[in-house]
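# Reading the structure
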Amino acid sequence: MRILVVEDQKKTSQFIRKGLVEHGYAVDVVQDGPEAESQAQVHDYDLIILDVMLPGQDGLQVCRNLRRMKVHTPILILTALSSTEDKVKGLDSGADDYLGKPFEFAELLARIRALVRRHQSARPRLKIADLELDTAARKAVRGGREITLTAKEFALLEYLMQNAGKVVTRTAISEHVWDIHFDNESNVIDVYINFLRKKIDQGFKTKLLHTVVGTGYVLKEG
């Protein structure tokens, strides 16, 4: 899952980015409205976390502009302005949710999960053959056996399961599981694919994770 954080306060943006990365999200950070609009049009984000008090152009105007541009990505307004009137303005500008500062990080995570489920009509449980992924509990099970995954392994498996039966390229994986600074020349995706393959296929007769030479990877039965 890839998230765009629009926040001009470096300390706050890095705090949010660090916490989200630790939970397996790919995170891009920008500090002003025009750059946010540009990035949101170029990249396929799953969520935008948008501060209101931005230099040059406030977040509410950014939100309105994105909606006019037909960018339907869920937007979570994050700001110190937390009166009822401020919340109404935020929601009326096209935002999907509103979280006042200061906030508990656990609440931010919960709101992110709820927004993504709502807008993607995502199933809380993904299943292929005897492999199940509970995206709410962040738990993977195959053949009744729980599989321990790191945050990045979980994010990679979730993306593959969302696209089960389809070949996904390394570029698509880098865009959805890593972030804008990903080095396309590195072999980190191949390394994580191997980690994941050992965890979900090793010891099972039916292999689910397949390499399509020259193209990418596919999660399928048989």
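Below, the structure is looked at part by part. Quick caveat, the model's predicted, so the values are computed rather than measured.

## Topic: the overall build of the protein chain
Each helix and strand counted, the protein chain has 8 helices and 12 strands in total. Taken over C-alpha atoms, the radius of gyration comes to 19 Å for the protein chain, in line with the 17 Å a tight globule of 222 residues would show. Taking the principal axes of its C-alpha atoms as reference, the protein chain extends roughly 60 × 35 × 30 Å. Here the protein chain, with 222 residues, has 46% of them falling under the buried criterion. Accessible surface, the protein chain as shown: approximately 11,100 Å² in total, 49% of it carbon and sulfur.

## Considering the packing of helix α6 (residues 151–162) against helix α7 (residues 170–177)
In helix packing, the relevant descriptors are the interaxial angle and the interaxial distance, both defined with respect to the helix axes. Taken N-terminus to C-terminus, the directions of α6 and α7 make an angle of 125 degrees; their axes are 10 Å apart at the nearest point. Between α6 and α7, the interaxial angle falls into the category oblique. Along this stretch, α6 crosses α7, giving a crossing that reads as right-handed. Within the contact between the two elements, α6 uses K152, A155, L156 and Y159 and α7 uses A172, I173, H176 and V177.

## Quick word on the sheet that holds strand β6 (residues 125–128)
Reading across from one edge, β6-β7-β8-β9 is the order of the 4 strands in this open sheet, with antiparallel pairing throughout. A strand with exactly one partner marks an edge of an open sheet, and here the two such strands are β6 and β9 (145–147). Within the sheet, the average angular offset between the axes of one strand and its neighbour, ignoring direction, is 25 degrees. Taken together, the 3 bridges between strand β8 (residues 139–142) and β9 define a ladder with antiparallel strand orientation.

## Concerning the pairing of strand β4 (residues 75–79)
Most of β4 is tucked away: 5 of the 5 residues are buried. Because side chains alternate across β4, one face comprises the buried residues I75, I77 and T79, and the other comprises L76 and L78, equally buried. Note on the crossover from strand β3 (residues 47–51) through helix α3 (residues 59–68) to β4: the handedness is right-handed. Across 4 bridges, the pairing between β4 and strand β5 (residues 97–100) is parallel. Residue pairing for β5: T79 is matched across the bridge by G100.

## Regarding the pattern of salt bridges
Enumeration according to the criterion identifies 12 salt bridges in this entry. D97 is paired through a salt bridge with R111; the nearest N and O atoms lie 2.8 Å apart. Separated by 14 residues along the polypeptide, D97 in strand β5 and R111 in helix α5 (residues 105–120) bring together distant segments of the chain. Across the pair K199 and E153 runs a salt bridge whose closest N-O atoms are separated by 2.7 Å. Here K199, found in helix α8 (residues 188–200), pairs with E153, found in helix α6; they are 46 residues apart in sequence, far enough to count as distant.

## Examining the packing of aromatic side chains
Evaluated as defined, the whole model comprises 2 aromatic pairs. For the pair F15 and F105, a centre-to-centre distance of 5.6 Å together with 75 degrees between the ring planes defines the contact as edge-to-face. Taken as a pair, F15 in helix α1 (residues 10–22) and F105 in helix α5 lie far apart in primary sequence, 90 residues in all. Where Y192 meets F195, the ring centres are 5.6 Å apart and the plane angle is 75 degrees; that geometry is what we call edge-to-face. Here the residue Y192 and the residue F195 both occupy positions in helix α8, the gap between them amounting to 3 residues, near one helical turn. Relative accessible area serves as the criterion here: at 22%, Y192 is assigned to the partly exposed category. F195 sits in the partly exposed class, given a relative accessible area of 39%. Sitting over the face of the ring of F204, R142 holds its NZ or CZ atom 4.3 Å from the ring centroid.

## Considerations on the side chain of R67
Inspection of the secondary structure assignment puts R67 in helix α3. Polar side-chain contacts of R67 include one of 2.8 Å to the side chain of D96. Those residues in contact with R67, other than ones at most four positions away along the chain, are H72, T73, P74, I75, S93, G94 and D96.

Rules used throughout
- The residue count restarts for each chain, going from 1 along the sequence in the order it is written.
- Given that the model is predicted, a residue must reach a pLDDT of at least 70 before its local features are reported, and side-chain atom pairs must reach 80 or more before they are shown or counted; all residues, however, enter totals for whole chains, interfaces and linings.
- No hydrogens and no water enter the side-chain calculation; it runs on all heavy atoms of the structure.
- Numbering of helices and strands runs from the N terminus, with a helix taken as a DSSP run of H or I at least four residues long and a strand as a DSSP run of E at least two residues long.
- The size measure is the radius of gyration over C-alpha atoms, and the globule rule it meets is 2.2 Å times the number of residues to the 0.38 power.
- Exposure categories follow from relative accessible area, calculated using a 1.4 Å probe and restricted to protein chains: below 20% of the type maximum is buried, above 50% is exposed, and the middle band is partly exposed.
- Areas reported as accessible are Shrake-Rupley estimates using a 1.4 Å probe. Residue values count occlusion only from the protein chains shown.
- All axes are obtained by fitting lines to C-alpha atoms, using only the stretch in contact for helices, and the reported angles, taken between N-to-C directions, cover 0 to 180 degrees.
- Our angle categories are set so that under 35 degrees counts as roughly parallel, over 145 as roughly antiparallel, 65 to 115 as roughly perpendicular, and the remainder as oblique.
- Left-handed is the label given to a crossing in which the near helix is rotated counterclockwise from the far helix by less than a right angle, and right-handed is the label when the rotation is clockwise.
- Here, residues are in contact when the closest pair of their heavy atoms is within 4.5 Å.
- Strands qualify as paired when DSSP identifies two bridges or more between them.
- By the criterion used throughout, a crossover qualifies as right-handed when its path from the first strand across the helix to the second strand runs clockwise, the strands pointing away from the viewer.
- Just to be clear on terms, a salt bridge is a Lys or Arg side-chain nitrogen sitting within 4 Å of an Asp or Glu carboxyl oxygen.
- A pair of Phe, Tyr and Trp rings is counted when the ring centres sit within 6.5 Å of each other, with Trp represented by its six-membered ring. The angle between the planes then sorts it: under 30 degrees is stacked, over 60 is edge-to-face, the rest tilted.
- Each ring is checked for a lysine NZ or an arginine CZ that lies within 6 Å of its centre and within 35 degrees of its normal; such an atom marks a charge sitting over the ring.
- The definition of a polar contact used here is a pair of N or O atoms within 3.5 Å, where within protein one atom must be able to donate a hydrogen and the other to accept one, and adjacent residues in sequence count solely through side-chain atom pairs.

Take it as geometry only, folks, not as evidence of what the structure does.
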